Amino acid sequence: MTKVLGISGSLRRGSYNSALLRAATGLMPEGATLEVASIRGIPLYDGDIEAQGIPASVSQLKEAIVSADGVLLVTPEYNNSIPGVFKNTIDWLSRPNTDARRVFGGRRIAIIGASPGPFGTIMSQSAWLPVMRTLGVQLWTGGRLMVARASNVFDEGGTLKDAASADALKQFLAGYVAFLRHTPPAA
Ligand SMILES: Cc1cc2nc3c(=O)[nH]c(=O)nc-3n(C[C@H](O)[C@H](O)[C@H](O)COP(=O)(O)O)c2cc1C
């Protein structure tokens, strides 16, 4: 069984990105699972808090990442870049520095996103690249998924209603899971 952990970078109840992640759980290829994790409860990064110990919410998310075969980041876009709450989570997960390699080094990660605008998070997905490089992950770049004009793609209840988007998501997940099956985690 191939185990993927999905993390949405939005706290909003009606989040398109969380809706996209939920839709993905039902479109995984056979023999693969997608577990949904949340950034809720992750405090604002503060070196003084870190000096007292890594918060439990951060440690739990770290262990969920370590025990998964791959991590799917579902990113919103704010001001053409990464939303602060999502970056804050990844920053916490990279602490302490001595543990960053265990959590992220060689980790097989994929990024998708949704926005109501016409470009579907293309800028925020690009903004993640230097972060991924710094953390030393293996980013899967064999597919791209930018869900644009999200208000037409999801219904009021957050269900993915657009068939073309569902198909694109399914294909993305199939490609990513094939990558996970054929590419060993980097040492
Ligand atoms: C501070 C802020 C900046 C935003 N900037 C962008 C942007 O640059 N590009 C974009 O496509 N959408 C932008 N948006 C709109 C978000 O894509 C939209 O709020 C989206 O619903 C957020 O993702 P979510 O639905 O998962 O919460 C911005 C929203 C906020 C709150």
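To keep things clear, this report deals only with the structure shown in the data block. Here the structure is a predicted model, which is why all the values come from computation and not from measurement.

### Section: a nonpolar patch on the surface
Link 1 in the chain: Together, Phe 119, Ile 122 and Met 123 give the surface a local cluster of nonpolar side chains, amounting to about 300 Å² of exposed area.
Link 2 in the chain: Tracing the sequence through the fold places Ile 122 in helix H6 (residues 122-135).
Link 3 in the chain: Relative accessible area serves as the criterion here: at 31%, Ile 122 is assigned to the partly exposed category.

### Looking at the site of the ligand
Link 1 in the chain: The environment of the ligand is formed by Ser 10, Arg 12, Ser 15, Tyr 16, Asn 17, Pro 76, Glu 77, Tyr 78, Asn 79, Asn 80, Ser 115 and Pro 116.
Link 2 in the chain: In this structure, Ser 15 approaches the ligand through a side-chain N or O atom, which is 2.6 Å from an oxygen atom.
Link 3 in the chain: Within the backbone of Asn 79, a nitrogen or oxygen atom sits 2.7 Å from a nitrogen atom of the ligand.
Link 4 in the chain: Its free accessible area being 620 Å², the ligand has 69% of it covered by the protein chains.
Link 5 in the chain: Among the residues forming the shell around the ligand, the class breakdown is four nonpolar, six polar and two charged.

### Description of the nonpolar core
Link 1 in the chain: If you look at the biggest cluster of nonpolar residues, it comprises 29 residues, and the most contacted ones within it are Leu 20, Leu 72, Ile 112, Phe 154, Leu 169, Phe 172 and Tyr 176.
Link 2 in the chain: With residues up to four places along the chain from it excluded, the contact list for Leu 20 reads Val 74, Ile 112, Gly 113, Ala 114, Val 147, Phe 154 and Leu 169.
Link 3 in the chain: Within the second largest apolar cluster, 26 residues are counted, among which are Leu 61, Ala 68, Trp 92 and Val 137.

### Some details on the environment of Thr 183
Link 1 in the chain: Within the fold, Thr 183 resides in the segment after helix H8 (163-182).
Link 2 in the chain: Distance in space between the C-alpha atoms of Thr 183 and Leu 145 is 21 Å, their sequence separation being 38 residues.
Link 3 in the chain: When neighbours within four sequence positions are excluded, Thr 183 is seen to be in contact with Arg 108 and Gln 138.

### So, H8
Link 1 in the chain: With 20 residues, H8 should reach 28 Å at 1.5 Å per residue; the first-to-last C-alpha distance of 29 Å fits that figure.
Link 2 in the chain: Buried within H8 are the following residues: Ser 165, Ala 166, Leu 169, Phe 172, Leu 173, Tyr 176, Val 177, Phe 179 and Leu 180. What you see down the axis of H8 is that its buried residues fit within an arc of 150 degrees, all on one side. Away from the buried face of H8 by more than 90 degrees, exposed residues Ala 163, Ala 164, Gln 171 and His 182 are located.
Link 3 in the chain: Looking at the buried positions of H8, the neighbouring elements they touch are strand S1 (2-8), helix H1 (16-25), strand S2 (32-37), strand S3 (70-74), strand S4 (108-114) and helix H7 (150-153).

### Structural notes on the packing of aromatic side chains
Link 1 in the chain: Scanning all chains against the criterion turns up six aromatic pairs.
Link 2 in the chain: Taking the centre distance of 5.0 Å and the plane angle of 80 degrees together, the rings of Trp 140 and Phe 172 count as edge-to-face. Taken together, the residues Trp 140 in the loop between strand S5 (138-139) and strand S6 (146-147) and Phe 172 in helix H8 connect sequence positions 32 residues apart. Just as Trp 140 is buried, Phe 172 falls in that class too.
Link 3 in the chain: Ring geometry for Trp 140 versus Tyr 176: centroids 5.9 Å apart, planes at 35 degrees, classification tilted. With Trp 140 in the loop between S5 and S6 and Tyr 176 in helix H8, this pair connects stretches of sequence that are 36 residues apart. Across this residue pair, the class does not change: Trp 140 and Tyr 176 are buried.
Link 4 in the chain: Every member of this aromatic cluster is reached through a ring pair, and the members are Trp 140, Phe 172, Tyr 176 and Phe 179.
Link 5 in the chain: Lying over the aromatic face of Tyr 16, Arg 12 brings its terminal NZ or CZ to 5.4 Å of the ring centre.

Conventions used here
Residues numbered from 1 in each chain as written. Predicted model: local features only at pLDDT ≥ 70, side-chain atom pairs only at ≥ 80, totals over all residues. Heavy atoms only, no water. Patch = residues over 30% accessible without salt bridge, like charges linked within 9 Å, V, L, I, M, F, W, Y side chains within 5 Å. Areas by Shrake-Rupley, 256 points an atom, 1.4 Å probe, with all protein chains shown as cover. Salt bridge = Lys/Arg side-chain N within 4 Å of Asp/Glu carboxyl O. Helix = DSSP H or I, 4+ residues; strand = E, 2+ residues; numbered from the N terminus. Buried < 20%, exposed > 50% of the residue type's maximum accessible area, 1.4 Å probe, protein only. Near = heavy atom within 4 Å. Polar contact = N/O pair within 3.5 Å; in protein donor to acceptor, adjacent residues only side chain to side chain. Nonpolar A, V, L, I, M, F, W, Y, C, P; charged D, E, K, R; others polar. Core = buried A, V, L, I, M, F, W, Y, C linked by side-chain atoms within 4.5 Å. Contact = heavy atoms within 4.5 Å. Expected span 1.5 Å × (residues − 1). Arc of directions from axis to C-beta. Phe/Tyr/Trp six-rings, centres within 6.5 Å; stacked < 30°, edge-to-face > 60°. Lys NZ or Arg CZ within 6 Å of the ring centre and 35° of its normal.

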